[in-house]
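Structure assessment
The residues making up each chain are set out below.
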Amino acid sequence: MQEYAKKPEYKNTIFIITGDHRLIPIAQKDKLCRFHVPLFMYSPMLKKAEKIKSISSHWDVTPSLVSFLMNNYKFNKLDKIAWMGDGLDTVRKFRNIHKIPLMRYKGSVNDYIYKNYMYSDGELYKINENFGIYKVNEAKLLKNRLRFVK
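Residues numbered from 1 in each chain as written. Predicted model: local features only at pLDDT ≥ 70, side-chain atom pairs only at ≥ 80, totals over all residues. Heavy atoms only, no water.

**Re the overall build of the protein chain**
A tally of regular secondary structure across the protein chain gives 2 helices and 7 strands. Reading the protein chain from its N end, one meets helices and strands in the order β-β-α-β-β-β-β-β-α. If one aligns the C-alpha atoms of the protein chain with their principal axes, the spans along those axes are about 55 × 40 × 30 Å. Taking the intrachain contacts of the protein chain between residues at least 6 apart in sequence as the baseline, contacts between residues at least 24 apart amount to 50%. Carbon and sulfur atoms provide 55% of the accessible area of the protein chain, an area that totals close to 11,100 Å². Charge-centre separation for the protein chain: the mean point of 28 positive side chains lies 4 Å from the mean point of 14 negative side chains. (Helix = DSSP H or I, 4+ residues; strand = E, 2+ residues; numbered from the N terminus. Contact = heavy atoms within 4.5 Å. Areas by Shrake-Rupley, 256 points an atom, 1.4 Å probe, with all protein chains shown as cover. Lys, Arg positive; Asp, Glu negative; His and termini not counted. Charge placed at Lys NZ, Arg CZ, Asp CG, Glu CD.)

Listed below in C-alpha cells is the structure:
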C-alpha cells in the first residue's frame, strides 16, 4: 500500500481486501464460522471509517462497485449482468436482506442463509449479531424449507 500510494492514481483508487473460507483442517466452532470472512474497503477518498454488521457476501461486492461507478462517473449502464448478488448492505446494525447459498466443498451447496437463519444439512439455526448460531426448531420455516431456495 505504501508503494502504491506513490502512484498518481492512488488518490482515486478503491481497495477491496477480503478473505476466503477458513481452511478445513482448522477446528471450527460451528457450521457458519468458516464463511465469516473480513471485508475491508479502503480509499483515500473516504472521510471516515465505518463498521458494518449487516450480512453480505462476496457476490455483493461487484454490483455495489458497478452501481457506484454508474452513479458517480461516466460509466455506461450494463445491458446484461452475470452476477447473482444484489449489492452490499451498508446498514450498520446486524441484519440480513440477502438469500445466500453457501458452498462448503466444490460443487455442493449444503448451506443456505435466509434472513437471520442458516439452513444446514436439514437443520435450522438462528444467526445472532455476533455471527454465532444456535439450533432452533421453527416448524413453519422447516416445513416450507423449499422456500429457502426460491
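**Section: the packing of aromatic side chains**
One pair of aromatic rings is described through two measures. These are the centre distance and the angle between the planes. All chains considered together, the criterion is met by 5 aromatic pairs. Seen from their ring centres, Tyr4 and Phe15 are 5.6 Å apart, and the 85° between their planes marks the pair as edge-to-face. You can see Tyr4 sitting in the segment before strand E1 (15-18) and its partner Phe15 sitting in strand E1, a full 11 residues away along the chain. Given a relative accessible area of 28%, Tyr4 falls into the partly exposed group. (Phe/Tyr/Trp six-rings, centres within 6.5 Å; stacked < 30°, edge-to-face > 60°. Buried < 20%, exposed > 50% of the residue type's maximum accessible area, 1.4 Å probe, protein only.)

**Digging into the nonpolar core**
Grouped together as the largest cluster of nonpolar side chains are 12 residues: Leu32, Phe35, Ile55, Phe94, Ile100, Leu102, Ile113, Met118, Tyr125, Ile127, Phe131 and Ile133. Those elements giving two or more residues to this core turn out to be strand E3 (99-105) and strand E6 (123-127). Tyr119, Leu124, Val136 and Leu141 belong to the second-largest nonpolar core, a separate cluster that totals 5 residues. (Core = buried A, V, L, I, M, F, W, Y, C linked by side-chain atoms within 4.5 Å.)

**Quick word on the sheet that holds E3**
Strand order in the open sheet formed by 5 strands is E3-E4-E5-E6-E7, with antiparallel pairing between adjacent strands. In this open sheet, the two edge strands, each paired with only one partner strand, are E3 and strand E7 (133-136). Pairwise comparison of adjacent strand axes, ignoring direction, gives a mean angle of 30° for this sheet. (Pairing = 2+ DSSP bridges. Axes fitted to C-alpha atoms, helices over the stretch in contact; angles between N-to-C directions.)

**Here we look at the environment of Trp83**
The residue Trp83 is located in the loop between helix H1 (61-72) and E3 in this model. Along the primary structure Trp83 and Asp60 are separated by 23 residues, whereas in three dimensions their C-alpha atoms are 8.4 Å apart. Setting aside its immediate chain neighbours within four residues, Trp83 contacts Thr62, Pro63, Val66 and Leu78.

**So, the side chain of Asp60**
Within the secondary structure, Asp60 is located in the loop between strand E2 (39-42) and H1. Only 2.8 Å separates the side chain of Asp60 from the backbone nitrogen of Ser57, close enough to count as a polar contact. Those residues within four positions of Asp60 in sequence are excluded, and the remaining contacts are Gly85, Asp86, Gly87, Leu88 and His98. (Polar contact = N/O pair within 3.5 Å; in protein donor to acceptor, adjacent residues only side chain to side chain.)

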